[in-house]
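Chains, contacts and geometry: an overview
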Amino acid sequence: MTQAGPVRPDLSRRIVLGVGGGIAAYKVCEVLRRLAEAGHQVRVVPTEAALRFVGAPTWEALSGLPVHQGLFDDVPEVPHVRLGQTADLVLIAPATADLLARAAHGRADDLLCATLLTARCPVLLVPAMHTEMWEHPATVHNVAVLRSRGTIVAQPASGRLTGADSGAGRLPEPAEIVDLATLLLRRADALPRDLAGRHVVISAGGTREPLDPVRYLGNRSSGRQGYALARVAVQRGAQVTLVAAHTADLTDPAGVEVVRVSTAREMREVVLKAAPHADVVVMVAAVADFRPANPQPRKIKKVGSGLDPVSLVVNPDILVELVRGRPQGQIVVGFAAETGDSDGDVLTHGRAKLARKGCDLLVVNAVGEGGAFEVDHNTGWLLSDDGVETELPQGPKSLLASHVWDGIAARLERSAPPSSARLDA
Ligand code: CTP
């Protein structure tokens with residue numbers, strides 16, 4: 001998960017953090033702490049109900065700013081107009097069913113809803129409620145109305161809710177909310193609903209190829225780029241299957257089906273099974289090219305085993321198999337981490353790999369000297385098989401993900417209707 005490190009002063013922004021009256025308000029303290037620590041100026045606007053869960057002193061201590069509560073406080077400052085007008089982002093979490101309903105109807109009966117009416121910046125609502133409330137036709141309709149107006153209503157996570165209940169409607173983890181907010185501050189149009197009705201399969205992380213029960217051949221992939229692609233895709237409306245090999249300690253993206261695998265052959269099996277139903281397959285995973293020829297059921301001893309532990313065989317190339325077997329209209333995307341060498345620079349190797357693998361698009365990252373692996377920022381090029389090459393701006397991995405999805409969405413629009421007839425909620 002991308003951590004929000006301290007931002008440069010010129011990137012510090014004004015955020016209105018609206019807090020709804022739900023038990024998940026306690027998790028939003030962590031969202032506030034991360035945004036404030038990143039250098040943003042965060043004005044907290046809790047609803048009356050939110051203050052029954054977390055009191056004003058907590059919000060004031062964490063933000064370092066007074067909390068705005070009522071329409072009739074600080075009237076000379078006209079906060080019900082100023083807060084929205086001057087914000088770079090309005091973030092509301094938890095967005096309760098009641099708040100979604102009031103926002104959809106354009107009510108201005110408290111400071112937070114009045115702020116929503118005056119805001120012209122990106123607005124991100126992060127819902128949290130019980131599954132029945134989230135799935136109720138009234139809420140579904142309110143969410144559709146808000147989205148049709150350009151408000152970003154995040155997909156909630158599934159999991160443990162208040163009490164013993166579990167299902168869809170859980171607030172996404174604070175790190176994930178901060179990541180989406182940071183993305184919108186960098187790029188206001190990063191989350192259009194252009195993947196609604198699309199099913200995408202994304203592989204992420206690094207495979208591990210066992211030598212024995214203790215040792216394996218692995219690589220330095222953290223999975224962050226693949227997780228960022230999954231997170232952005234689901235918020236753009238896609239149904240996402242994330243096939244995750246080994247990763248750093250990352251939070252599962254909200255609203256995504258995560259299937260865990262370990263070896264290249266396990267990844268191949270899961271990806272090839274899911275792919276025929278997908279509109280897009282993105283292979284971000286660092287798949288080991290080789291595996292030990294003779295993995296041992298017992299630990300290999302240093303002395304006397306008589307085995308050559310580094311004898312290797314070639315793994316299947318999943319991307320090439322996907323390209324060969326893809327259904328009509330499916331878009332297959334590869335990733336390539338390159339260093340450049342005496343045979344050519346990073347782009348030259350990328351172009352050759354695109355041709356060799358036969359995929360529609362290839363994202364090329366420069367690695368080494370701090371690039372791509374185990375860091376939160378990334379940069380590169382999106383190469384298309386029709387010869388178009390787009391440079392991807394330097395920034396957080398979610399920013400790169402949003403630019404990659406732009407390229408994929410443009411191709412999808414030209415090539416294929418959705419694989420499913422599923423209607424967007
Ligand atoms: N890939 C794959 N199966 C493999 C190896 C790679 O599907 N056995 C996919 C990766 O997920 C990635 C793309 O192929 O999308 C490029 O991976 P890379 O390791 O750069 O390609 P290689 O063919 O292994 O080339 P190189 O010789 O540069 O390692």
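Our subject is the structure that appears above.
Everything in this summary refers to the structure shown in the same document.

Rules behind the numbers
- Residues numbered from 1 in each chain as written.
- Predicted model: local features only at pLDDT ≥ 70, side-chain atom pairs only at ≥ 80, totals over all residues.
- Heavy atoms only, no water.
- Disulfide = S-S within 2.5 Å.
- Salt bridge = Lys/Arg side-chain N within 4 Å of Asp/Glu carboxyl O.
- Helix = DSSP H or I, 4+ residues; strand = E, 2+ residues; numbered from the N terminus.
- Patch = residues over 30% accessible without salt bridge, like charges linked within 9 Å, V, L, I, M, F, W, Y side chains within 5 Å.
- Areas by Shrake-Rupley, 256 points an atom, 1.4 Å probe, with all protein chains shown as cover.
- Buried < 20%, exposed > 50% of the residue type's maximum accessible area, 1.4 Å probe, protein only.
- Near = heavy atom within 4 Å.
- Polar contact = N/O pair within 3.5 Å; in protein donor to acceptor, adjacent residues only side chain to side chain.
- Nonpolar A, V, L, I, M, F, W, Y, C, P; charged D, E, K, R; others polar.
- Arc of directions from axis to C-beta.
- Contact = heavy atoms within 4.5 Å.
- Pairing = 2+ DSSP bridges.

Counted according to the given criterion, the structure contains zero disulfides. For the unlinked cysteine Cys113, the closest cysteine sulfur is that of Cys121, found at 15 Å.

All right, on to the pattern of salt bridges then. In the structure shown here, the tally under the stated rule is 26 salt bridges. Among the ionic pairs, Arg102 bridges to Asp109, the shortest N-O distance being 2.9 Å. Taking the shortest distance from any N to any O, the salt bridge between Asp179 and Arg231 comes out at 2.2 Å. Here Arg231 lies in helix α10 (residues 224-235) and Asp179 lies in helix α9 (residues 174-186), a separation of 52 residues in the sequence.

The next thing to look at is a nonpolar patch on the surface. The grouping of Leu217, Phe290, Leu312 and Val314 at the surface amounts to a nonpolar patch, some 350 Å² of accessible area in total. Tracing the chain through its elements places Leu217 in strand β10 (residues 216-217). When its relative accessible area of 32% is taken as the criterion, Leu217 is described as partly exposed.

Once that is clear, we can look at the site of the ligand. Within the structure, the ligand sits among 13 residues, and Met283, Ala285, Leu319, Lys353 and Lys357 are positioned closest to it. Met283 is positioned such that a nitrogen or oxygen atom in its backbone is 2.7 Å from an oxygen atom of the ligand. Taking Asp289, its side chain carries an N or O atom lying 2.8 Å from an oxygen atom of the ligand. Look at the ligand: alone it shows 570 Å² of surface, and the protein chains cover 79% of it. The greatest single-element share of the shell around the ligand, amounting to three residues, is contributed by helix α13 (residues 346-357). Considering only residue class, the shell around the ligand consists of seven nonpolar, one polar and five charged.

Of the positions making up helix α11 (residues 264-274), those classed as buried are Ala264, Met267, Val271 and Ala274. Along the axis of α11, the buried positions cluster into a sector of 100°, meaning they face one direction only. Turned more than 90 degrees from where α11 packs its buried face, Glu269 and Lys273 sit exposed. Packing partners of the buried residues in α11 comprise β8 (199-204), β9 (209-210), β11 (239-244), β13 (280-283) and α12 (318-325).

Moving on: the sheet that holds strand β5 (residues 152-153). Taken in spatial order, the five strands make up an open sheet running β2-β1-β3-β4-β5, and their pairing is parallel. One side of each edge strand has no neighbouring strand; the edge strands of this open sheet are β2 (41-46) and β5. One ladder, built from four bridges, connects strand β1 (residues 14-19) with strand β3 (residues 89-95); its direction is parallel. Within the sheet, the bridge partner assigned to Gly18 lies in β3 and is Ile92.

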